[in-house]
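Structural characterization, general
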Amino acid sequence: MPSPILISTKIAGFGLSSCLYNASGPLCSDADELHAIGISHAGAVLSKSATLQERQGNEEPRYVDTRWGSINSMGLPNQGYEFYARFSEQAKTYDKPYFMSVSGLSHDDNLHIIKEISGFENIAGIELNLSCPNVPGKPQTGYDFEQSRRLLEMVFTEVKQPLGVKLPPYFDMPHFEMMASVLNDFPISFVTCVNSIGNGLVVDPDLESVVIKPKHGFGGIGGDFIKPTALANVRQFYTLLDKSVSIIGCGGVKTGMDAFEHILCGASAVQIGTQFMREGTGCFERVANELTDIMRSKGYPDLESFRGKLKDI
Ligand code: RRO
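Below or above, wherever it landed, is the structure these notes cover. Given the structure is predicted, the values throughout are model-derived calculations rather than measurements. (Residues numbered from 1 in each chain as written. Predicted model: local features only at pLDDT ≥ 70, side-chain atom pairs only at ≥ 80, totals over all residues. Heavy atoms only, no water.)

**Brief notes about the site of the ligand**
Taken together, Lys 48, Asn 72, Met 74, Gly 75, Leu 76, Pro 77, Asn 129, Cys 132, Pro 133, Asn 134, Asn 195 and Ser 196 are the residues near the ligand. Here an oxygen atom of the ligand sits 2.8 Å away from a polar atom, N or O, in the main chain of Gly 75. Contact between the ligand and Leu 76: an oxygen atom at 2.8 Å from a main-chain N or O atom of the residue. Starting from 320 Å² of accessible surface for the ligand in isolation, the protein chains cover 93%. Judged by the proximity of its atoms to the pocket grid, the ligand belongs to the largest pocket. (Near = heavy atom within 4 Å. Polar contact = N/O pair within 3.5 Å; in protein donor to acceptor, adjacent residues only side chain to side chain. Areas by Shrake-Rupley, 256 points an atom, 1.4 Å probe, with all protein chains shown as cover. 1 Å grid on protein atoms, 1.4 Å probe; cavity = no way out; pocket = protein on both sides within 12 Å on 5 of 7 lines; lining within 4 Å. Sits in = over half its atoms within 2 Å of the grid points.)

Dropping the structure here:
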């Protein structure tokens, strides 16, 4: 009998039978969507980013898929943090960790939410979103290193669960170093790289117009377009952060080979966003099978045999 190929991993001290799960955003806003992830082959369930109050989000159309990826300006539509905290009771039946994404509209909101959810023992960890590009008038915290430090100082006085951050993509070498030196001052459990590339513009040349309604068509870019940027961020933070911090890769994952590349750059787990929106929960099993086939053909029995081992030439 050939020995089994394992794609299990550990995030925030919790075991995941598969390293693949959903990115916060697509199809994880209501109970039916979260349940579908819970009973799928995904290794964990991650909620839509939660705010203090329920929000309707921006005007539609606000999500468009193209051949090379997506643009969105959802504007944080969600059911409010209390709903996602309560869902943790149901989530404990899935035999996989439930992570809650938190994206308060201010530091005080984030602090309030984190204080309130700290008593929910079935929330395995919190992914604090420092990088929503789509709320008019609210700059992304992750691009302001001092504000990021301030927020982390506040939340680490309150948080009981393991806490990670969802980062925006960085593009300049000093910026990777500046963010890493902030993060290395806190007991961060994981870092998710990357959120959508903020404020791109997709144009419909036939209509000679933008394709989404909010913000004159500007929105976050995801999917195929962003894989090289995502890999660069995974690699840099894998290199610069304390080795106790798990890196979660997110960006441009459609196939097992895309997931393989994220892991080779240092990711301990890989989230799927745009492709999950296209394909639904079936993507978690398909990509897992593709990744397993690649590992078998390369002779890697588990993720640790190749994680982070990207070579220079
Ligand atoms: O809801 C959104 O508009 C949104 C969020 Br919170 C985010 O973090 N990233 C994104 O592309 N869209």
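**A few points about the layout of surface pockets**
Here the largest pocket defines a volume of roughly 680 Å³. Taken together, 43 residues make up the lining of the largest pocket; nearest its centre are Ser 24, Gly 25, Pro 26, Tyr 63 and Asn 72. Mapped by element, the contributors of at least two residues to the lining of the largest pocket are strand S6 (69-72), strand S14 (218-222), strand S16 (269-272) and helix H8 (274-279). Ranked by residues supplied to the lining of the largest pocket, first place goes to H8 with four residues. Broken down by class, the residue content of the lining of the largest pocket amounts to 16 nonpolar, 19 polar and eight charged. Reported here for the second largest pocket is a volume of approximately 300 Å³. In terms of lining residues, the second largest pocket is bounded by 18 residues, among which Gly 104, Leu 105, Lys 138, Pro 139 and Thr 141 are the most central. Looking at the lining of the second largest pocket residue by residue, the class counts come to six nonpolar, 10 polar and two charged. (Points joined across faces, edges and corners; volume = space filled by probe spheres on them. Helix = DSSP H or I, 4+ residues; strand = E, 2+ residues; numbered from the N terminus. Nonpolar A, V, L, I, M, F, W, Y, C, P; charged D, E, K, R; others polar.)

**Section: helix H6 (residues 227-240)**
The end-to-end C-alpha distance of H6, which contains 14 residues, comes to 20 Å, matching closely the 20 Å that a straight helix rising 1.5 Å per residue would cover. Looking only at H6, the buried set comprises Lys 227, Thr 229, Ala 230, Leu 231, Asn 233, Val 234, Gln 236, Phe 237 and Tyr 238. Along its buried surface, H6 packs onto strand S9 (163-167), helix H5 (173-183), strand S10 (190-193), strand S11 (197-201), strand S15 (246-250) and helix H7 (256-265). (Expected span 1.5 Å × (residues − 1). Buried < 20%, exposed > 50% of the residue type's maximum accessible area, 1.4 Å probe, protein only. Contact = heavy atoms within 4.5 Å.)

**Notes on the pattern of salt bridges**
Taken as a whole and assessed by the stated rule, the structure comprises 13 salt bridges. Lys 92 serves as the salt-bridge partner of Glu 89, at 3.0 Å between the closest nitrogen and oxygen. For the salt bridge of Asp 185 with Arg 149, the shortest nitrogen-to-oxygen distance reads 2.9 Å. Here Asp 185 is found in the loop between H5 and S10, whereas its partner Arg 149 is found in helix H4 (residues 145-155), with 36 residues between them in sequence. (Salt bridge = Lys/Arg side-chain N within 4 Å of Asp/Glu carboxyl O.)

**Re the side chain of Ser 24**
With respect to the element layout, Ser 24 can be found in the loop between strand S3 (20-22) and helix H1 (31-38). A polar contact of 2.8 Å, which involves the side chain of Ser 24, links it to the backbone oxygen of Ser 47. Among the polar contacts listed, one links the side chain of Ser 24 to the backbone nitrogen of Ser 49, at a separation of 3.2 Å. Sequence-distant contacts of Ser 24, that is, excluding residues within four places in its chain, are made with Leu 46, Ser 47, Lys 48, Ser 49, Ser 101, Glu 127, Lys 166 and Gln 271.

No statement about biological role is implied by the geometric values presented.
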